[in-house]
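One-letter residues, chain by chain:
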Amino acid sequence: MDWQGQKLAEQLMQILLLAFAAVAFATGYALGSFQIMLLIYAAGVVVTTLITVPNWPFFNRHPLKWLDPSETEKHPKPQVGNSSSKKKTGKK
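Residues numbered from 1 in each chain as written. Predicted model: local features only at pLDDT ≥ 70, side-chain atom pairs only at ≥ 80, totals over all residues. Heavy atoms only, no water.

### A short note on the overall build of the chain
Turning to step 1, where the next piece is worked out: From N to C terminus, the chain includes three helices and zero strands.
Turning to step 2, where the next piece is worked out: Counting helices and strands in the order they occur from the N terminus, the chain gives α-α-α.
Turning to step 3, where the next piece is worked out: In the chain, which comprises 92 residues, the share counted as buried stands at 13%. (Helix = DSSP H or I, 4+ residues; strand = E, 2+ residues; numbered from the N terminus. Buried < 20%, exposed > 50% of the residue type's maximum accessible area, 1.4 Å probe, protein only.)

### Comments concerning the packing of aromatic side chains
Turning to step 1, where the next piece is worked out: With the rule as written, the count across this model stands at two aromatic pairs.
Turning to step 2, where the next piece is worked out: Ring geometry for F25 versus Y29: centroids 6.0 Å apart, planes at 20 degrees, classification stacked. One end of the pair is F25 and the other is Y29, both in helix α1 (residues 3-31) and four residues apart, which spans about a single turn.
Turning to step 3, where the next piece is worked out: Taking relative accessible area as the criterion, F25 reaches 53% and is therefore assigned exposed. (Phe/Tyr/Trp six-rings, centres within 6.5 Å; stacked < 30°, edge-to-face > 60°.)

### So, helix α2 (residues 34-52)
Turning to step 1, where the next piece is worked out: Between the first and last C-alpha of α2 there are 27 Å, a value that for 19 residues agrees with the 27 Å anticipated at 1.5 Å per step.
Turning to step 2, where the next piece is worked out: Among the residues of α2, those classed as buried are M37, G44, T48 and T52. All buried residues of α2 lie within an arc of 50 degrees about the axis, which places them on one face of the element. Facing away from the buried side of α2 by more than 90 degrees, the exposed set consists of Q35, L39 and L50.
Turning to step 3, where the next piece is worked out: Those residues of α2 hidden inside the fold are in contact with α1. (Expected span 1.5 Å × (residues − 1). Arc of directions from axis to C-beta. Contact = heavy atoms within 4.5 Å.)

### Section: a nonpolar patch on the surface
Turning to step 1, where the next piece is worked out: Together, W3, L64 and W66 make up a nonpolar patch on the protein surface, roughly 470 Å² of accessible area in all.
Turning to step 2, where the next piece is worked out: By secondary structure assignment, the location of W66 is in the loop between α2 and α3 (69-74). (Patch = residues over 30% accessible without salt bridge, like charges linked within 9 Å, V, L, I, M, F, W, Y side chains within 5 Å. Areas by Shrake-Rupley, 256 points an atom, 1.4 Å probe, with all protein chains shown as cover. Salt bridge = Lys/Arg side-chain N within 4 Å of Asp/Glu carboxyl O.)

### Digging into the packing of α1 against α2
Turning to step 1, where the next piece is worked out: In the contact formed by α1 and α2, the axes pass within 8 Å of each other and the chain directions differ by 165 degrees. Looking at the two axes, α1 sits roughly antiparallel to α2. As α1 runs across α2, the sense of the crossing is right-handed.
Turning to step 2, where the next piece is worked out: Across the contact of α1 with α2, the residue classes break down as 18 nonpolar, five polar and no charged. (Axes fitted to C-alpha atoms, helices over the stretch in contact; angles between N-to-C directions. Parallel < 35°, antiparallel > 145°, perpendicular 65-115°, else oblique. Left-handed = near helix turned anticlockwise from the far one by under 90°. Nonpolar A, V, L, I, M, F, W, Y, C, P; charged D, E, K, R; others polar.)

Interpretation note: all reported values are geometric properties and have no functional meaning in isolation.
Written out as structure tokens, the structure reads:
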């Protein structure tokens, strides 16, 4: 899953959970049944999980390009210098 796919999955999760919560509340209120409301919302959580958790192909539309191993050898990682050994000199 690429970065845009993660963003899409997060947005889908929020929208679907909110939509199922609204439908569950309206149905539960209209029927006067707390049990039906919870069952509808639980079904919505299951559906949302099945849509957003697996790595579906539409979450991989923007793959990242990685460097070839030969390119990484040409551009080594910079070494971090030890700055504690340097003394600050200041004029008063």
